[in-house]
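The residues making up each chain are set out below.
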Amino acid sequence: MMSLFKNLGKTVKPIPLPAHTMDLPGYLRMPDFIRSYIDHLASKNFSKATMRRYVYDFDSFFQFVAEASGEAIQARDITQEAFLEIDGSGIAAYAEYLALTKQNAPSVINRKLSALQSLFRHLIDIGVLSENPVAKINRPKQAKRDPVYLTKREWDELMQLLPSNVEMNAREATHYERDRVRDITLFQLLGYSGMRLSEMTQLTWNAVDFHEGTIRVIGKGNKERVIPLAKPVRVALRKFAAHYSLTMRGPEPIFQKQGKALSPRAVQHILKRHVDRLRPVLPFLERKQITPHKLRHTFATRLATGGVDVLTIQQLLGHESVATTQVYAHIGDREKKRAIELFDSER
């Protein structure tokens, strides 16, 4: 009986492949130590998408090793001992290969290096490696992208079509009769307040002061800020309360479903459903993936374009640092310049 337990880790009896490997192309081509790492990720409840991406990125690295060495190697045959001989110069050569030979974008190169870095970190954790050879590699700089936002014209077109039954079948239109006023209010509040999604789903009637025209928001770090109540939001909230026979006061969340606050995920699904249905008739939705956070960008950009200073935008958005807000100033300047150019072209 003792030998049975002593040899548990040395059994030669075939063991069925773990269930998580069924949707991981390339898993069986990986060396044993990498498959053990993927199994470790699965035990930590990493998503299939993450594990699939890691396998793909490891496969990319072994293709580089084969090309650089000129040998017809099979990744499956690589031992952990041989793999651990790699150093920083080898990783740097791989990064150069990705940039110059494969012409990968900086974001792709960084992703592939991060996959290796996470593998080496795991090997350090289990005690077979002392230093991470990826840690000191200079990563390619990624160009900062401007936030995605809707222009005034795009926002107006979206809000004009949102109440309609465009691109809905009869069943969907029937369901929309119940939720139409709520959904319009969600869009208006996100687009005219700049609130974070989590802030909006926690918003109560007590936080809305119709007399003073303000919304009191509890943001990150439990910090409170006050946002002006824009006229479209004021109108939308009053219609919302009247339509659903709400009292417009009290500590309960404004947006509820079955007596509980509407979850951030539920709001994301609501917005996505409308964006998906309106995409065929609003071409700009093909290139702009509109989410609750993109509507926050839209709010901030509208302020910057209108000449509102960065510090005020920072306060309205609840940013910790003005550096985070600075990008909207650049967009505002560019939009104003574009407006002048259009004006000049009409002369």
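The preceding data block contains the structure.
Description of the structure in this document.

Conventions used here
- Residues numbered from 1 in each chain as written.
- Predicted model: local features only at pLDDT ≥ 70, side-chain atom pairs only at ≥ 80, totals over all residues.
- Heavy atoms only, no water.
- Axes fitted to C-alpha atoms, helices over the stretch in contact; angles between N-to-C directions.
- Helix = DSSP H or I, 4+ residues; strand = E, 2+ residues; numbered from the N terminus.
- Parallel < 35°, antiparallel > 145°, perpendicular 65-115°, else oblique.
- Left-handed = near helix turned anticlockwise from the far one by under 90°.
- Contact = heavy atoms within 4.5 Å.
- Nonpolar A, V, L, I, M, F, W, Y, C, P; charged D, E, K, R; others polar.
- Phe/Tyr/Trp six-rings, centres within 6.5 Å; stacked < 30°, edge-to-face > 60°.
- Buried < 20%, exposed > 50% of the residue type's maximum accessible area, 1.4 Å probe, protein only.
- Core = buried A, V, L, I, M, F, W, Y, C linked by side-chain atoms within 4.5 Å.
- Pairing = 2+ DSSP bridges.

### Looking at the packing of helix H2 (residues 32-43) against helix H3 (residues 48-69)
- Running from N to C, H2 and H3 point in directions that differ by 160°, and their axes come no closer than 11 Å. It follows that H2 is roughly antiparallel to H3 by the angle criterion. As for the relative orientation of H2 and H3, their crossing is right-handed in sense. For the pair formed by H2 and H3, the contact residues are Ile34, Tyr37, Ile38, Leu41 and Ala42 on the first element and Met51, Tyr54, Val55, Phe58 and Phe62 on the second.
- Partitioning the contact of H2 with H3 into residue classes produces 10 nonpolar, no polar and no charged.

### Things to note about the packing of aromatic side chains
- All chains considered together, the criterion is met by 17 aromatic pairs.
- Ring centres of Phe64 and Tyr97 lie 5.0 Å apart, and the angle between their planes is 45°; this geometry places the pair in the tilted category. Of this pair, Phe64 sits in helix H3 while Tyr97 sits in helix H5 (residues 88-101), placing them 33 residues apart in sequence.
- Using a relative accessible area of 10% as the deciding quantity, one classes Phe64 as buried.
- On the basis of relative accessible area, Tyr97 is assigned to the buried category, the value being 9%.
- Joined through ring pairs, the aromatic side chains of Phe33, Phe61, Phe62, Phe64, Phe83, Tyr94, Tyr97 and Phe120 make up one cluster.

### A closer look at the nonpolar core
- Counting 44 residues, the largest nonpolar core has Leu189, Met200, Leu203, Leu237, Ile254, Phe255 and Leu295 as its most contacted members.
- Those elements that provide at least two residues to this core are helix H7 (152-161), helix H8 (170-193), helix H9 (197-201), strand E2 (214-218), helix H10 (231-243), helix H11 (264-278) and helix H12 (284-287).
- At 9 residues, H8 tops the list of elements feeding residues into this core.
- By size, the runner-up hydrophobic cluster in this structure holds 34 residues, among which are Phe33, Leu41, Ile109 and Leu129.

### Overview of the sheet that holds E2
- As summarised here, the arrangement of the 3 strands in space is E1-E2-E3, forming an open sheet in which the pairing is antiparallel. On the outer flanks of this sheet lie strand E1 (208-209) and strand E3 (224-228), each paired with one strand and no other.
- When E1 meets E2, the two strands line up antiparallel, connected through 2 bridges. Each bridged residue has a counterpart across the sheet, and for Asp209 the counterpart in E2 is Thr214.

### Section: the environment of Ala115
- If you trace the backbone, Ala115 turns up in helix H6 (residues 106-125).
- The exposure class assigned to Ala115 is buried, which follows from its relative accessible area of 1%.
- Considered as a pair, Ala115 and Val134 are 19 residues apart in the sequence and their alpha carbons are 9.9 Å apart.
- Those residues in contact with Ala115 that lie beyond four places of it in its chain are Tyr54, Asp57 and Phe58.

### A look at the packing of H3 against H5
- Where H3 meets H5, the closest approach of the two axes is 11 Å, and the angle between their N-to-C directions is 100°. With respect to H5, the axis of H3 lies roughly perpendicular. Of H5, the residues touching H3 (which contributes Asp57, Ser60, Phe61, Phe64 and Glu67) are Gly90, Ala93, Tyr94, Tyr97 and Leu98.
- Class assignment for the residues of the contact of H3 with H5 results in 6 nonpolar, 2 polar and 2 charged.

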